Amino acid sequence: MKAAILHGPRDLRVESSRAPEPGRDEVVVRVSVAGLCGTDYRIFTGDRSVDYPRVLGHEFVGRIEALGAGVDRVALGDRVVVEPNYSCGVCPLCREGNRNLCLARTAVGIDVDGCFAELARVPVRCCWAAPATVADDDLLMTEPLAVVVRAVGRAAVKPGETAAVVGGGTLGLLALQVLRGRGARVLVVSRSSRRFALARELGADATHAVDDGALEQAARDFSRREGVDVVIETAGTAEAVAHALAVVRPGGRVVLTGLPHEPTPVAFFSVVRREVTITGSMIYQDEFPEAMRLVGDGTVRTRPLVTHRFGLDDIARAFAVHREPTSIKVAVVPSSAS
Ligand SMILES: [Zn+2]
Ligand SMILES: [Zn+2]
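Residues numbered from 1 in each chain as written. Chains lettered and ligands numbered in written order. Predicted model: local features only at pLDDT ≥ 70, side-chain atom pairs only at ≥ 80, totals over all residues. Heavy atoms only, no water.

A. Representation of the coordination of the zinc ion (ligand 2). At the metal site, the zinc ion (ligand 2) is ligated by C88 (SG), C91 (SG), C94 (SG) and C102 (SG), and these contacts range over 2.3 to 2.4 Å. Relative to the metal, the four donor atoms surrounding the zinc ion (ligand 2) lie at angles of 104 to 118 degrees, and the coordination shape comes out tetrahedral. Binding-site remark: the zinc ion (ligand 2) is held by donors from one chain whose sequence spacing is C-x2-C-x2-C-x7-C. The same class applies to C91 and to C94, which are both buried. (Donors = N, O, S within 2.8 Å, 3.2 Å for Na, K, Ca; no water. Tetrahedral: all angles 85-135°; square planar, octahedral: opposite > 155°, others 65-115°. Buried < 20%, exposed > 50% of the residue type's maximum accessible area, 1.4 Å probe, protein only.)

B. Quick peek at the pattern of salt bridges. Counted by the stated rule, this structure contains 22 salt bridges. A salt bridge links R13 to D11; its shortest N-O distance comes to 2.8 Å. The class of D11 is partly exposed, set by a relative accessible area of 27%. For D229, the salt bridge identified is with R249, shortest N-O distance 2.6 Å. With D229 in strand 14 (residues 228–233) and R249 in strand 15 (residues 248–256), this residue pair connects regions lying 20 residues apart in the sequence. Residue D229 shares its accessibility class with R249, and that shared class is buried. Overlapping salt bridges bring together D11, R13 and E15 as one network. (Salt bridge = Lys/Arg side-chain N within 4 Å of Asp/Glu carboxyl O. Helix = DSSP H or I, 4+ residues; strand = E, 2+ residues; numbered from the N terminus.)

C. Local environment of empty space enclosed by the protein. If you walk through the whole model with that rule in mind, you get one cavity of 30 Å³ or more. Computed from the structure, the largest cavity encloses a volume of approximately 50 Å³. Every residue along the wall of the largest cavity is listed here: E83, N85, Y86, S87, R99, N100, R105, I283 and Y284. (1 Å grid on protein atoms, 1.4 Å probe; cavity = no way out; pocket = protein on both sides within 12 Å on 5 of 7 lines; lining within 4 Å. Points joined across faces, edges and corners; volume = space filled by probe spheres on them.)

Shown next, in the form of structure tokens:
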């Protein structure tokens, strides 16, 4: 099979390699369409290290190509969406349901080979049956969508509340739609106004570019009170955390789902004085079914976010385009024949 193999930082080669063979309780999935995300890019550049050689990629939809021993939950040819994280299943965190927090969690495309290949091997418990009426392209973003479904869930948003989404990338544009689906009014806050037309099209009630200044005032104008009830932070920078705390009202909730990799100063004086609840939200626990349902019933539209598509042979361009301001989600289509 053909696979894009990372041999070291920025050393990505499309090569032919041995087709993976499924072990017990594993399946091999023929990848129909895969998504490239910021994590892939950080690994590609060497910013985040992995064991080489490694096949990257963790957002994907495909068909079951081979079954390992003991697999009876899926059949050959089934369309599946893959949940690309699996936990040990036996530690106290796993047993209490916190499998996203398992210290022995395995991430597909990071710890083991992923989906920038024609075939990918995963445990069968990572496979969710794709709803028959929903196309592969619509399901492409189930994984990042599950991330924001969890974040919005942890915010316990109620209909009629005001919410701000910090960040106008893939996660922000998905979070906006999930919040709208819960009946919230949504303000999108971003460093750039580039995505604001799309944010409006996807249901944003208001937008604010941080460069315009007066962020707190924008939140007060929007909420018609001291700030918004809920903030979902998706940008994963120290600056975005500050913006999230600037727009929330006293007594409000901030859910952080971006991962700031730099030291992040937080004015805890203001957190205490205003009784702001800050909650971390890490990937997903059981959110894949709801994510697929939100796509299936039209609450969340993912296709407008897919701005580019490349075959596996052009994956170097896919990584380059990921960094261009015009791209939102770059799709990679590995299998020539299907
Ligand atoms: Zn990702
Ligand atoms: Zn565990």
